[in-house]
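Coordinates in review
Chain residues, written in single-letter form:
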Amino acid sequence: MTNQITIYEVGPRDGLQNEGSIIPTAGKIALIDTLSKTGLRKIEATSFVSPKWVPQMADAANVMAGITRNPSVDYAVLTPNMRGLEGALNANADEVAIFGSASESFSQKNLNCSIAESIERFTPVAKGAHEANVKLRGYVSCITDCPYEGAINPAAVLDVVTKLADQGCYEISLGDTIGRATPDTIKRVLETLLAKFPATLFAGHFHDTSGNAIQNVATALPFGLRTFDSAIGGLGGCPYAPGARGNVSTIPLVEYLHENGWKTGLDMGVLTQAQNILNGFGLKGSS
Ligand code: HMG
Ligand code: MG
């Protein structure tokens, strides 16, 4: 099996969405443009979500219009509904993501609807993405723990994964939304999912609240996962997941992978330049 890992950089979206002070659009563009020179092939640039729900992402169209595209990079955006898909298509996004949850309470808080309603809402989004030849990714939040319900049964994750796979997602990112997963709970959910689906369908999206994220990556690697989401500077969190801290930080994750014989194709010098741009934002993130 390949020793090549895809780092899926979510810093400009997940990293920034939870920041209270609005970052100027030009700063977000400078960050994405520098990330585009690191060797990354996947950058989640922004979200076409309701600005009432996530004010930081209100400038999504301007961010997408302002970046300098590297043709080797897929620029991805979140699209919770048809309004989001229209924004994404107008902005020429290369990839869109629908995002569901294995927890009913989190679905209500984050999307204002039940899990079943969210899947119904995603159906035309998925169809529209396929018709436009835009790659479709899926997320499942709360794969082990929910901020409102506590422990989550792996069967609930399998159920949502099955529905997102039916909608034609080429990849499903498994979200430890609040960073409470442990190697044991990651193992349990992966055993359930990989009994039905190939490891190549999945990416790991581990927040680092408890400092377990890199260990959780290490747990997922022998299962065959080869794509991991991370955020430059370890920024991130979801406004509707109280207590969640940042995503696993890109630079330490890449260092860990390189030290252990994995290849990412990423340039540490340029990644450091990208991380330094965050200093100018005056944010809380750290590596
Ligand atoms: P709602 O209030 O039920 O929807 O929210 P609505 O249809 O009634 O719309 C409310 C207002 O938003 C309306 O405006 C709509 O036009 C507007 P008004 O008429 O009041 O002026 N609106 C939009 N505007 C721009 N773009 C849109 C859009 N849709 C509606 N796409 C809704 C439902 C889904 C819109 C809302 O709940 C929402 O935007 N939620 C997104 C929350 C979010 O982005 N959370 C963070 C990302 S998920 C995450 O971080 C987890 C992840 O990282 C994985 C992990 O860690 O587990 C992915
Ligand atoms: Mg997240």
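Description of the structure in this document. On a predicted model such as this, the values are computed, not experimentally measured, just so you know.

Basis of the calculations
- Residues numbered from 1 in each chain as written.
- Chains lettered and ligands numbered in written order.
- Predicted model: local features only at pLDDT ≥ 70, side-chain atom pairs only at ≥ 80, totals over all residues.
- Heavy atoms only, no water.
- Helix = DSSP H or I, 4+ residues; strand = E, 2+ residues; numbered from the N terminus.
- Buried < 20%, exposed > 50% of the residue type's maximum accessible area, 1.4 Å probe, protein only.
- Polar contact = N/O pair within 3.5 Å; in protein donor to acceptor, adjacent residues only side chain to side chain.
- Contact = heavy atoms within 4.5 Å.
- Donors = N, O, S within 2.8 Å, 3.2 Å for Na, K, Ca; no water.
- Arc of directions from axis to C-beta.
- Pairing = 2+ DSSP bridges.
- Axes fitted to C-alpha atoms, helices over the stretch in contact; angles between N-to-C directions.

1. A short note on the side chain of glutamate 171
For glutamate 171, the position within the fold is in strand S8 (residues 171-176). Using a relative accessible area of 7% as the deciding quantity, one classes glutamate 171 as buried. Polar contacts involving the side chain of glutamate 171 include one to the side chain of arginine 137, which spans 2.8 Å. Of the polar contacts made by the side chain of glutamate 171, one reaches the side chain of threonine 227; its length is 3.5 Å. Once residues within four sequence positions are removed from consideration, glutamate 171 is found in contact with Tyr8, Leu136, Arg137, Gly138, Leu201, Phe202, Ala203 and Thr227.

2. Quick word on unusual backbone geometry
Leave glycine aside and you will find that most residues have negative phi; peptide bonds, for their part, are mostly trans. Non-glycine residue asparagine 92 carries a positive phi angle of around 60°. With respect to the helices, strands and loops of the structure, asparagine 92 is situated in the loop between helix H4 (82-90) and strand S4 (95-101). You will see that asparagine 112, though not glycine, has its phi angle at about 65°, which is positive. Within the element layout of this structure, asparagine 112 appears in the loop between helix H5 (104-111) and helix H6 (115-131).

3. Overview of the coordination of the magnesium ion (ligand 2)
In this structure, Asp14 (OD), His205 (NE2) and His207 (NE2) serve as the protein donors to the magnesium ion (ligand 2), at separations of 2.0 to 2.3 Å. All donor residues of the magnesium ion (ligand 2) come from one chain, and their arrangement in sequence is D-x190-H-x1-H. What makes histidine 205 buried here is its relative accessible area of 4%. Owing to a relative accessible area of 3%, histidine 207 belongs among the buried residues under this scheme.

4. Digging into helix H9 (residues 213-220)
Along H9, the residues classified as buried are Ala213, Asn216, Val217, Thr219 and Ala220. The buried residues of H9 all sit within an arc of 160° when viewed along its axis, so they share a single face. For H9, the secondary structure elements touched by its buried residues are S8, helix H8 (183-194), strand S9 (202-206), strand S10 (227-230) and helix H10 (250-259).

5. Topic: the sheet that holds strand S1 (residues 6-9)
If you walk around this closed barrel you meet the eight strands as S1-S2-S3-S4-S5-S8-S9-S10, and the pairing is parallel. Averaged over all adjacent pairs, the angle separating strand axes in this sheet is 25°, with direction ignored. Pairing geometry for S1 and S10, over four bridges, is parallel. Looking at S10, one finds that isoleucine 7 is bridged to phenylalanine 228. Set on the sheet, H9 makes contact with S8, S9 and S10; between it and S9 the angle comes to about 165°.

Read these as geometric descriptors, not functional statements.
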